[in-house]
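If you want the building blocks of each chain, they are given just below.
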Amino acid sequence: MMKKKSISASKASLVLFLCQMISALDVPLDLLQPPTITQQSPKDYIVDPRENIVIQCEAKGKPPPSFSWTRNGTHFDIDKDAQVTMKPNSGTLVINIMNGGKAEAYEGVYQCTARNERGAAISNNIVIRPSRSPLWTKEKLEPNQVREGDSLVLHCRPPVGLPPPIIFWMDNAFQRLPQSERVSQGLNGDLYFSNVQPEDTREDYICYARFNHTQTIQQKQPISVKVFSMDSLNDTIAANLSDTDIYGAKPVTERQPVLLTPTGSTSTKVELRGNVLLLECIAAGLPTPVIRWIKEGGELPANRTFFENFKKTLKIIDVSEADSGNYKCIARNILGSAHHVISVTVKAAPYWITAPRNLVLSPGEDGTLICRANGNPKPNISWLANGVPIAIAPEDPSRKVDGDTIIFSHVQERSSAVYQCNASNEYGYLLANAFVNVLAEPPRILTPANKLYQVIADSPALLDCAYFGSPKPEIEWFKGVKGSILRGSEYVFHDNGTLEIPVAQKDSTGTYTCVARNELGKIQNEVQLEVKDPTMIIKQPEYKVIQRYGQVSFECIIKHDSTLLPTVIWLKDNDELPDDERFLVGKDNLTIMNVTDKDDGTYTCIVNTTLDSVSASAVLTVVARPNPPFDLELTGQLERSVELSWIPGDENNSPITNFVIEYEDGLHESGVWHYQTEVPGTQTTVQLKLSPYVNYSFRVIAVNEIGRSQPSEPSEQYLTKSANPDENPSNVQGIGSEPDNLVITWESLKGFQSNGPGLQYKVSWRQKDVDDEWTSVIVANVSKYIVSGTPTFVPYEIKVQALNDLGYAPEPSEVIGHSGEDLPMVAPGNVQVHVINSTLAKVHWDPVPLKTVRGHLQGYKVYYWKVQSLSRRSRRHVEKKILTFRGNKTFGMLPGLEPYSSYKLNVRVVNGKGEGPASPDKVFKTPEGVPSSPSFLKITNPTLDSLTLEWGSPTHPNGVLTSYILKFQPINNTHELGPLVEIRIPANESSLILKNLNYSTRYKFYFNAQTSVGSGSQITEEAVTIMDEVQPLYPRIRNVTTAAAETYANISWEYEGPDHANFYVEYGVAGSKEDWKKEIVNGSRSFFVLKGLTPGTAYKVRVGAEGLSGFRSSEDVFETGPAMASRQVDIATQGWFIGLMCAVALLILILLIVCFIRRNKGGKYPVKEKEDAHADPEIQPMKEDDGTFGEYSDAEDHKPLKKGSRTPSDRTVKKEDSDDSLVDYGEGVNGQFNEDGSFIGQYSGKKEKEPAEGNESSEAPSPVNAMNSFV
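Everything numeric here is computed off the predicted structure, so don't read it as measured data.

## Concerning the packing of aromatic side chains
Throughout the structure, instances matching the rule amount to 22 aromatic pairs. Between phenylalanine 554 and tyrosine 603, the aromatic rings sit 5.5 Å apart at their centres with planes inclined by 25 degrees, giving stacked as the arrangement. One end of the pair, phenylalanine 554, is in strand E50 (residues 552-555); the other, tyrosine 603, is in strand E56 (residues 601-608), with 49 residues separating them in the sequence. With a relative accessible area of 0%, phenylalanine 554 lands in the buried category. Judged by its relative accessible area of 0%, tyrosine 603 falls in the buried class. An aromatic cluster of at least three residues, connected via ring pairs, comprises Phe168, Phe174 and Tyr208. A cation over a ring is seen here: arginine 273 above tyrosine 351, with NZ or CZ 3.8 Å from the ring centre. Residue placement shows lysine 889 over the ring face of phenylalanine 891; its charged tip is 5.0 Å from the ring centre.

What follows is the structure, given as structure tokens:
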């Protein structure tokens, strides 16, 4: 809520305006003027007799007036009384009482006169009376002996003081006596009891009178009250009368109301206008009556009516003649009512309608003095001139008295005087001075020149032009120095010269000129007006709810005029913030740290400038978990129930939603509290059900939205009596653990459920559907019993009954259990298989007889496994699969089979003990399916118009291959596809030469295999025919290989094409639709390390060359290794490993030098000898053209040498045809690369060589390359 303080705008301006209206009538003190009384003592002046008496009388005038006093109507000569002095330049009297004077000697009526050559002004009649606080007269107070139920009035009768004292009742300990509807103090100070009760008996009812003027308190003697109850009164009478006397006080009887004050049925009351009207009615009765007030023939005045003293006093403030009438008080109880009518008459001391005002006239002018007053009765008006009744005052031809008006005509300077108007009736008088001052003065402006006025936009602007002149000048206003005269409804011109702009706007800013003129002259004055933007709170504090010990912040963001300097003040509950470092006041916020309960309240942000003030408030509510309940009480204790009651703790501003009741069993589980029940938060009592033989204690926890309170203190303990058990064990079961037993189990009763000492269990069983008697046994407080020697899997009826020292629980219900299970005896029969398609089959079987299951039938298990693939006729490790079918099912589906394969299966029945024997194996075969994609597709030997295609058969043919389907189409430079050509190839082919192709053209190939069922998935590849026979136009990247580790992979490839190609590697997650990630290869290396890979993830990779029409290699797929439990140390970064590798490299270099020297000498070395000893005609030596290993041939081989053979005809050895080969040390070894791209190979024994695919080589790298990679 935001509210603007307008004291600096409308209210302050209005106050200023009223002051200006008064000051405009003032005559400047440098001009002649009659006296004016400016200050005087009150008419009824009660003084402290212990202090000096000061009677004030101040006046102004030109020349300064002289002062004189009258006392009791005669001249008071202060010079003759040494105790009386008059203050210098003042008429104020000081009567010295403190130096021996008596205040009583100066009682009387005083009046002050201020006089100069232009007239005399007089003060009111000031009645001086010293205050009095007399002592109580001594009186003998008899004890008040009252019967219970009767009414009683204790009279105070305070001494008459001046002014009257304030009355109150207290006891000897100076504690106020409690008052209520039954006991209360009347307006006269008496203490009224509507009916007395035994607790009213006491001996120290003391009435006190406090005299404020003398600051004294007088005490009445204590009053004793003794109340006799009916029982004690009867006992007293019985002790004093004989048996034959009739005695016996009546019991306390109820009585209808009777008014104690005022008495009678009617009364009258006179009150003066403007005073407070107090009417009182106090009634006796039993039960205590209730008072109600009405006004006959009208309504009680709204907003001015109040009820006090438990509605026994009617209070109406600021009464007027309209409040006269009959007021009725009605006292009522259940037996009846009483009433009293008070006739109220409102009289009025004189009050002004029009008080006379000073007149300033120029010679020859006319004027009037008006004196109008009202009152009840109507006041009498009389005039005085210079303090003398006008009838005996000196004559003035310009003056004429007409009742309440004096008319002046053609005044002259001698007409100057002070006139007094007196309006009086029996309730008081009014006296007013008003002078007539005859002057001839040109205009003068009293407002300072160039005075600056600043106001807020949209508020009134009041520009002052206080003036004086005689005759009275006319006032005009102009805006600007040469502006036109201001007129119109947007301006208000006041008689005192003030210009009011009711709603000032920003364009109202400027210079305003006030011009005053009369027949004697003219004068002007300029003032400045500035209109400022209002101060606003644009972000107000908001209502906050915060938990105790939290932090809260209130915002107060303001916008203000740039020329005004605002100050921000924060208040809490309209008072200053606590002096606490937890309260942090920022530029535009208030933050409270570590909030506590005492921080609850209303916080107000007040923004003040010199012109306006705005404020906004918000409430902070601090919430917390409730305080714990207290005063737990147990009542109505019975054997099986008790009533618990409590008093809630403080809810801490969050209503209590419910109470949780917990109990402790001190007999069985001391210190352990259990949930009992819960009730709504409005309930503070609960009836609790109890169990026998439990020593109960209870506690209560209060819950609100914030959380649960701390538990209350425990209640008193309550031990219930023992009894038979009410209930039997639950969850009774009979399940055999062996084929020849029955294990009976149950959940034992808890301690409080035993209902008494000596808890045991009676366990009974008998075979179901057999006419057997129950077999029973009583066991201790356990939860299991084993019956031995039972038949296998036989149903039993079982029951478990609780008992204690006092007897048995009710008869328990029976449950069915079974003795132990054994393995099933027979296998399912008539097993049939129906093959649905190449990957799905349905198996059927006949159920086994239930009696052969020998247990609970859980279902059937189907074991099935693949025997062999019908296409390859190769056996492999048998991996049996199991499918379980729950319940008594007789069929099931076998999914996920491999096409064109032979399978076997058997079926077994399952019970709780295990599986039965297997059925005979059933053989079935799956039909053909579509094949997988060819294992590879390679395109080699590009020419001008042909390409050679080589492929591998599908890894999973899933049947008999019938053919291959090849589709291809050209691709132009904009990657647009040409017409598609399709070729069917026999299934026994593994290569094809495509002829009649366009030269220097890229082709895209699609290749897949077929069975009789249909086509399998395809593999794609791209290739380019060359431009001429010497140099291919496009580069070639092939044989992309990967060696993957946990988080990185080494990528290598072979490249044919122009030198200085810039390679890049693209990779991504296999199967993902995300864009390829691209890594640039530095230099012309043919390997690259991909880092930051995710362990255990399949990736796709391809290699490309920059600037070569987007040429890329075919894709390859690899998978990173699984994440390791702990990070392994990379030996390639260890110092000892680097040193070892350097030593190995050095040894190899030395070995090569030695070998070279020995070859030049024609000798052999161990490697050569080893090659000769293990010559293999299929080993391929290194080719000359690309550095890979070609076919190897021994010198004794009579086959024709192929290109790149080991030895030329002249038996010389070329450098590139070295006999130093590593083939025998690791054929087919899988090389691995470290993260830095270096080769880490392991030499191993020679393996059986696999057929080479295409032009690829499976031999190890050359030793030169290996050495380079080490370096």
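## Here's the deal with the state of the cysteines
Going through the model one piece at a time under the given rule, you end up with six disulfides. One disulfide bridge connects cysteine 465 with cysteine 514, the sulfur atoms lying 1.8 Å from each other. The chirality of the disulfide connecting cysteine 465 with cysteine 514 is left-handed, given an S-S dihedral of about -60 degrees. Here cysteine 465 is found in the loop between strand E41 (461-463) and strand E42 (467-470), whereas its partner cysteine 514 is found in strand E46 (residues 510-518), with 49 residues between them in sequence. Summarising the burial analysis for this pair, cysteine 465 and cysteine 514 share the class buried. Across a sulfur-sulfur distance of 1.9 Å, cysteine 556 and cysteine 605 are joined as a disulfide pair. Between cysteine 556 and cysteine 605, the S-S dihedral sits near -65 degrees, and the bridge is therefore left-handed. Of this pair, cysteine 556 sits in the loop between E50 and strand E51 (557-559) while cysteine 605 sits in strand E56, and the two are 49 residues apart along the sequence.

## Structural notes on the pattern of salt bridges
In the structure shown here, the tally under the stated rule is 38 salt bridges. Notably, a salt bridge pairs glutamate 639 with lysine 721, separated by 4.0 Å at the nearest N-O pair. Here lysine 721 lies in the loop between strand E64 (718-719) and strand E65 (730-735) and glutamate 639 lies in the loop between strand E58 (630-635) and strand E59 (641-647), a separation of 82 residues in the sequence. By relative accessible area, which is 52% here, glutamate 639 ends up exposed. The salt bridge partner of glutamate 915 is lysine 861, with a shortest N-O separation of 3.0 Å. Pair noted here: glutamate 915 is in the loop between strand E78 (901-911) and strand E79 (922-925) and lysine 861 is in strand E75 (residues 857-869), with a separation of 54 residues, a long-range link. The network of salt bridges with shared partners includes Asp171, Arg202 and Asp204.

## Let's talk about the sheet that holds E46
Spatial strand order, E40-E47-E46-E43: four strands in an open sheet with mixed pairing. A single partner strand is all that each edge strand has here, and the edge strands are strand E40 (451-456) and strand E43 (474-479). Averaged over all pairs of adjacent strands, the angle between their axes in this sheet comes to 25 degrees, without regard to strand direction. Looking at chain direction, E40 and strand E47 (residues 521-532) are connected through six bridges and run parallel. The residue bridging lysine 451 from the neighbouring strand is valine 527, located in E47.

## Description of the environment of serine 902
As for its placement among the helices and strands, serine 902 is situated in strand E78. According to the relative accessible area criterion, serine 902 is buried, its value standing at 7%. Sequence separation between serine 902 and serine 869 is 33 residues, and the spatial gap between their C-alpha atoms is 6.3 Å. When sequence neighbours within four positions are dropped, the list of residues in contact with serine 902 reads Trp865, Lys866, Val867, Gln868, Leu870, Val923, Phe924 and Lys925.

## Quick notes on the sheet that holds E59
In any sheet, the strands associate via hydrogen bonds between backbone groups, in a parallel or an antiparallel arrangement. A sheet is described by the order of its strands in space; here three strands give the open sequence E58-E59-E62, paired in antiparallel fashion. Each end of this open sheet is capped by a strand with a single partner; those strands are E58 and strand E62 (685-689). Neighbour-to-neighbour, the strand axes of the sheet open up by a mean angle of 25 degrees, direction not taken into account.

## Quick word on the confidence of the model for the protein chain
For the protein chain, the mean per-residue pLDDT works out to 84, and 84% of the residues sit at or above 70. The low-confidence segment residues 1-24, where pLDDT is below 50, has 39 contacts with residues more than four positions distant or belonging to other chains. The low-confidence segment residues 241-249 (pLDDT under 50) makes eleven contacts with residues lying over four places distant or belonging to another chain.

Conventions used here
- Residues numbered from 1 in each chain as written.
- Predicted model: local features only at pLDDT ≥ 70, side-chain atom pairs only at ≥ 80, totals over all residues.
- Heavy atoms only, no water.
- Phe/Tyr/Trp six-rings, centres within 6.5 Å; stacked < 30°, edge-to-face > 60°.
- Helix = DSSP H or I, 4+ residues; strand = E, 2+ residues; numbered from the N terminus.
- Buried < 20%, exposed > 50% of the residue type's maximum accessible area, 1.4 Å probe, protein only.
- Lys NZ or Arg CZ within 6 Å of the ring centre and 35° of its normal.
- Disulfide = S-S within 2.5 Å.
- Salt bridge = Lys/Arg side-chain N within 4 Å of Asp/Glu carboxyl O.
- Pairing = 2+ DSSP bridges.
- Axes fitted to C-alpha atoms, helices over the stretch in contact; angles between N-to-C directions.
- Contact = heavy atoms within 4.5 Å.
- pLDDT = per-residue confidence, 0-100.

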